[in-house]
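# A look at the structure
Take a look at the letters that make up each chain.
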Amino acid sequence: MMVKKALRGAKRHRLSLIFLFVGSLLILFTILTLFNMIFRQLVLEPEGLLEAAADPVVIESIVLTLYCSFLATLIAAILGTPLAYVLARHDFPGKTIVESVIDVPIIIPHSVAGIALYALFMSRSPVGEAFSNIGIIFEDSMWGIVVAMLFVSAPFYVNAAREGFQTINPRLERVARTLGASQWKSFYKITLPLAVRHLFSGAIMAWARGISEFGAVIMIAFYPMIAPVLIFYRFTTHGLQGSQPIAVLLILICIGVFILLRTSAKYWEKKK
Amino acid sequence: MITLENVSHEWEDFSLKNVSFSVNKGEHFVILGPTAAGKTLILETIAGFYVPRKGKILLNGKNITQIPPEKRNIGFVYQDYSLFPHMNVKENVAFGLKMQKLPKREIETKVQSIMDSMGITYLQDRLPSTLSGGEQQRVALARSLVIDPDILLLDEPLSALDPRTRESLREELKRIHEVRNTTTIHVTHDQDEALALADRIGVIMDGELVQVDTPYMVFNEPVTEEIATFVGVENVLKGKIISNEEGVVVVETGNYQIRALSNLKEGEVNVFIRPENIILSKVRLESSARNSISGKISKVNQFGATFRIYMDNGLSALVTKHAIEELGLNVGKTVYASFKATAIHLIKT
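Since this is a predicted model, take the numbers as computed values, not measurements. (Residues numbered from 1 in each chain as written. Chains lettered and ligands numbered in written order. Predicted model: local features only at pLDDT ≥ 70, side-chain atom pairs only at ≥ 80, totals over all residues.)

## As for the overall build of chain B
Convention followed: Helix and strand definitions follow DSSP, with helices as H or I runs of at least four residues and strands as E runs of at least two, each counted in order from the N terminus. The exposure scheme places C-beta atoms from the backbone and then counts, for each residue, the other C-beta atoms within 10 Å of its own, assigning buried at 20 or more, exposed at 12 or fewer, and partly exposed in between. By definition, residues are in contact whenever their C-beta atoms, placed on the basis of the backbone, come within 7 Å of each other.
Scanning chain B from terminus to terminus reveals nine helices and 20 strands. Along the longest, intermediate and shortest principal axes, the C-alpha atoms of chain B span 75 × 50 × 30 Å. Within chain B, buried positions represent 42% of all 349 residues. Considering only residue pairs separated by 6 or more positions, chain B has 65% of its internal contacts joining residues 24 or more positions apart.

Pasting the structure below:
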């Protein structure tokens, strides 16, 4: 009886059940890949992980990665927030072109982006020279890492921020204006607080994207080594044994930080 | 006092054409028009969100056309109330005063007093998302009134509310206007709302202001057929209820009494009678119609296929050409206008 009922139910939802099955393969693929690596390292070779965690070179490179990506995200937020607001609020000729330009870094191969960045920022180029006059050098330096990360991660921030601003009814800003708020005040008092959740999640996306960048970074700054570059280097010199522990460590730290950020954002929102 | 002089502006799919009108100090002016007639855009232009391509806006004689919204001291209440969702009721109400950088104590006193008068003090710590439509509307009104605006702009203030709340807020708007006497421009597509609140009505159609008049004139003598169709061609009479016996009320209009059905017990009312519900006869009719009022024909206007006969008793009737010929309905003739008590619609003023 029960079986019959279940079967009838299954028949009614045939489409969804098949889709669910097919879809779960994709999820399984992701989980299996990551879990396999983490599980093997944590359970079968925990000493390798501890060794990596005690290695100052590894720790330094992870800290450098997080820090450079943080700087890139900060720059993306400072320059990207006004851009996102304009795109959300105004229509102008060529807007589609601007929006496409923003998305370009997402679609071009990152080694290509790296070559392009190198050509623009290398010390022999006019731009590189101009910056070196004020003491900023990109080739094989932290700033090279930051511009590479900024290039690939900015679209994630700008798109999230734009969507955030779009969810805010412009009437709120207008009412604020009638109540005596200047354009700046109404942005600062009304729009920004209402968009902050979107801005924050855009920043997390951009930060994560920056941390994961490899292709663009090695073209302009092989040294100092960020974690993805170090992992690649150890893989080519020491194989899986030498690279996997660092990979697992990086992944665990990233997941930890993201969970921390998400929960603190939620807590902060609740408190308000 | 606010004056619009030949204001023209074009938007993507709408334009204002040579809109001119004046609203006197303390007046409640209603802009009445069908949905999507650009009524909100007029208000947004007055508030300063658009600088009209042509024309001038004068506030108390001063040209404010180029002045930004925050320097106009014009209050605005949107149809969707547009309360700031991240601020509680009290913070919403206090916003305008904070922008003026008033001392904290003064803000506190003013906010408290307006919240008390609007009956929203008990909501002060709530967020807008937890309020009903009527409550949100009161908060939005309090927020715009607390800055003591020279002009209050109301964008369809009652249309998003359920009928009962609408009724009570209409009374509230009336009361606020009586107490504060704030010059108000109010747009709506709702005729009842216009009649209940307006000192004068401006009818807007296709971006043009086609008639500016007293409610009586707009409803009784619309200047175009279009307006007549939109407002529904009504006879509107002012009167006072003198009795109500089991739902049958007697309204004294000054010259005669009208019997109607209503649950109103007393007070001043507007009496609506559609001209097509009035029967004209040469002698007083003995029929089931409870009203039969004599009057002299003062005017005959053609309205498409029908004719509207105006009488000196303030009523008008819609008849066919045939009826005019058969009954000899010419100017100067005395006739009886008969209509049923059920054909009358009463609105409290």
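## What about the domain arrangement of chain B?
All names here are of chain B. We count it as follows: Segmentation into domains, and thus their bounds, comes from an automatic or database assignment. Three classes are used, and their members are as follows: Ala, Val, Leu, Ile, Met, Phe, Trp, Tyr, Cys and Pro are nonpolar, Asp, Glu, Lys and Arg are charged, and the others, Gly among them, are polar.
For chain B, the domain assignment lists domain 1 (2-231) and domain 2 (235-348). Look at where the C-alpha atoms of domain 1 and domain 2 centre, and you get two points 35 Å apart. Each partner contributes to the interface: domain 1 provides nine residues, whereas domain 2 provides seven residues. Going through the elements one at a time, α6 (191-197), α7 (215-220) and α8 (225-231) are the ones with two or more residues in the side of domain 1 that touches domain 2. Among the elements that make up the side of domain 1 that touches domain 2, the one with the highest residue count is α7 (four residues). Within the side of domain 1 that touches domain 2, the residues separate by chemical class into six nonpolar, one polar and two charged.

## Remarks on the interface of chain A and chain B
Residue-level contacts link 15 residues of chain A with 17 residues of chain B. Counting only elements with at least two residues in the side of chain A that touches chain B, the list comes to α9 (170-178) and α10 (183-212) of chain A. It is α9(A) that contributes the most residues to the side of chain A that touches chain B, six residues altogether. Grouping the amino acids of the side of chain A that touches chain B by side-chain chemistry returns seven nonpolar, four polar and four charged.

## Description of the sheet that holds strand β11 (residues 235-245) of chain B
All names here are of chain B. Our working definition: Two strands make a pair as long as DSSP finds a minimum of two bridges between them. For helices, the axis comes from a line fit to the C-alpha atoms of the stretch in contact; other axes are also lines fit to C-alpha atoms, and the angle between any two N-to-C directions lies between 0 and 180 degrees.
Reading across from one edge, β13-β12-β11-β14-β20 is the order of the five strands in this open sheet, with antiparallel pairing throughout. Two strands close off the open sheet at either side, each with one partner strand: β13 (257-261) and β20 (344-348). If you compare each strand with its neighbour and ignore which way they point, the axes differ by 45 degrees on average. Here β11 pairs with strand β14 (residues 267-273) via seven bridges, running antiparallel. Note on β14: the bridge partner recorded for Leu 237 is Val 271.

## Focus on helix α6 (residues 110-121) of chain A
Residue and element names in this part refer to chain A. We apply this condition: An expected span of 1.5 Å times one less than the residue number is assigned to each helix. Each direction from the helix axis to a C-beta atom contributes to the arc, which is the arc of those directions.
Taking 1.5 Å per residue, 12 residues should reach 16 Å; α6 reaches 16 Å between its end C-alpha atoms and fits that length. Among the residues making up α6, those that are buried are His 110, Ala 113, Gly 114, Leu 117, Tyr 118 and Phe 121. The arc enclosing the buried residues of α6, seen along the axis, measures out at 135 degrees, which places them on a common side. For α6, the elements touching its buried residues are α5 (95-107), α7 (126-133), α8 (142-166) and α11 (215-220).

## Examining the sheet that holds strand β18 (residues 316-319) of chain B
Residue and element names in this part refer to chain B. Taken in spatial order, the five strands line up as β15-β19-β16-β17-β18 in an open sheet, and their pairing is antiparallel. Whereas interior strands pair on both sides, the edge strands pair on one side only; in this sheet they are β15 (279-281) and β18. Between one strand and the next, the sheet's axes are offset by a mean angle of 45 degrees, whatever the strand orientation.

## Digging into unusual backbone geometry
Cis geometry is adopted by the peptide bond preceding Pro224(A), which originates at Tyr223(A) and carries an omega value of -10 degrees. Not every positive phi belongs to a glycine, and Asp140(A) is a case in point at roughly 45 degrees. Topologically, Asp140(A) is positioned in the loop between α7 and α8. Located in the positive-phi region is Ser82(B), a residue other than glycine, with phi close to 45 degrees. With respect to the helices, strands and loops of the structure, Ser82(B) is situated in the loop between β6 (74-77) and α2 (89-99). Given 23 C-beta atoms within 10 Å, Ser82(B) falls into the buried group.

## Regarding the pairing of strand β7 (residues 151-155) of chain B
All names here are of chain B. Taking burial as the measure, the five residues of β7 include five buried ones, the bulk of the element. A two-sided burial pattern is seen for β7, the buried positions comprising Ile 151, Leu 153 and Asp 155 on one face and Leu 152 and Leu 154 on the other. Relative to β7, β6 runs parallel, the two being bridged by four bridges. Its bridge partner being in β7, Gly 75 is matched across the sheet by Leu 152. Where β7 lies against strand β8 (residues 183-188), five bridges are found, and the strand directions are parallel. Bridge pairing links Leu 154 to His 186 in β8.

## Description of the environment of Ala142(B)
Residues and elements named next belong to chain B. Looking at where Ala 142 falls in the secondary structure, it is placed in helix α4 (residues 133-145). On the basis of neighbour count, Ala 142 is assigned to the buried category, with 26 C-beta atoms found within 10 Å. Considering only alpha carbons, one finds Ala 142 and Ile 114, 28 residues apart in sequence, at a separation of 6.2 Å. Not counting residues up to four positions away in its chain, the partners in contact with Ala 142 are Val 93, Ile 114, Met 115, Met 118 and Ile 120.

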